[in-house]
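# Remarks on the overall topology
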Amino acid sequence: MADTGSMDVPEISIEWYHDVVDVAARSPQPLQWFVGHATEGVILLLGALLLVAALSRLAGGPHDRALALVAPLPTFLAYACSEGLKTVVDEDRPCRTIGRAIIAGACPPQGDWSFPSNHATVAGALAVTTLLLSRRLGLLALPLAALAAFSRVFVGVHYPHDVVAGVLLGALVAAVVTPLLARPTAEVLRRRADARRPVPDLAGRPRR
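Below, the structure is looked at part by part. Not measured: the values here are computed from a predicted model.

### Observations regarding unusual backbone geometry
Of the consecutive residues F115 and P116, the connecting peptide bond is found in the cis state with omega at -10 degrees. Here P116 lies in the loop between helix 5 (94-97) and helix 6 (118-133).

### Quick look at the side chain of S117
As for its position among the elements, S117 is in the loop between helix 5 and helix 6. Judged by relative accessible area, which is 0%, S117 ranks as buried. For S117, the residues in contact, after removing those within four places along its chain, are S82, R152, H158, D162, V163 and G166.

### What about the packing of aromatic side chains?
In the structure shown here, the tally under the stated rule is 2 aromatic pairs. Both rings, one in Y17 and one in Y159, keep their centres 5.6 Å apart while their planes meet at 55 degrees; by these two values the pair is tilted. Here Y159 lies in the loop between helix 7 (135-154) and helix 8 (160-196) and Y17 lies in helix 1 (residues 11-26), a separation of 142 residues in the sequence. Exposure remark for Y159: the relative accessible area of 0% places this residue in the buried category. Ring geometry for F150 and F154: centres 5.9 Å apart, planes at 50 degrees, overall tilted. Placement of both F150 and F154 in helix 7 is noted, with a separation of 4 residues, approximately one turn of the helix.

Cut-offs and rules
- Residues numbered from 1 in each chain as written.
- Predicted model: local features only at pLDDT ≥ 70, side-chain atom pairs only at ≥ 80, totals over all residues.
- Heavy atoms only, no water.
- Helix = DSSP H or I, 4+ residues; strand = E, 2+ residues; numbered from the N terminus.
- Buried < 20%, exposed > 50% of the residue type's maximum accessible area, 1.4 Å probe, protein only.
- Contact = heavy atoms within 4.5 Å.
- Phe/Tyr/Trp six-rings, centres within 6.5 Å; stacked < 30°, edge-to-face > 60°.

These figures capture arrangement, not role.
If you want it as C-alpha cells, here you go:
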C-alpha cells in the first residue's frame with residue numbers, strides 16, 4: 001500500500017495507473033487529444049440519452065411518467081454522495097503524489113480529492129438510470145460510462161480504483177433510488193388522474 005493522503009492506495013491500483021499513463025504517453029497525439037476532451041463530451045451525451053429515454057416514457061401510464069419525472073434526481077444524489085465520500089476519505093490525486101498527469105495538463109488543486117471519481121459516479125448514475133428507462137438506450141449508455149471513467153485514468157488524474165468505485169456508486173444509487181422515487185410519484189399521478197376523471201350521474205352518464 002502507498003500513503004497518499006489519509007487513504008492507503010492499493011499497490012495494484014498504483015501499478016495499473018502507471019501502466020495506463022505509460023500507454024497514454026506513447027499514444028498518438030490525436031488519441032491523446034480525443035481522450036483528454038472525451039469525459040465532458042461523453043457526460044453530455046449520456047445526459048442526452050437519459051433525456052431521450054425520459055421523453056419516450058412521458059406518453060405512457062403513471063409509472064412511465066413517474067420514471068421520466070424522477071430520472072434526473074438519482075444522478076444529483078449520486079454526485080452528492082461522491083462529494084461526501086471525498087471529504088471523508090481525503091485521498092490525494094495521483095498526479096500530485098506520483099507527479100504524472102500526462103494529458104490533463106494541470107493537476108486539480110490541493111483539496112480536490114481523488115476518491116471516488118465524480119465524473120465516473122455521474123456517468124454510472126446516468127447510464128443505469130437510462131437503462132432503467134430504456135433497455136436499448138441503456139445498452140448504449142453503459143459502454144459510454146465505462147469510456148468516461150477510463151478517460152480519467154488515461155489523463156492521469158485518478159487511480160483505477162477511484163473510477164471503479166465511482167461507477168459502482170453511481171450505478172447503485174441509480175438502481176436503488178430510481179424505483180424508490182418512481183413508486184410514490186406514480187401514485188400521486190394516478191390520484192390526480194382519478195380526481196380529473198368525470199363522475200357518472202345516476203343515469204350512468206359522465207357529469208360535466
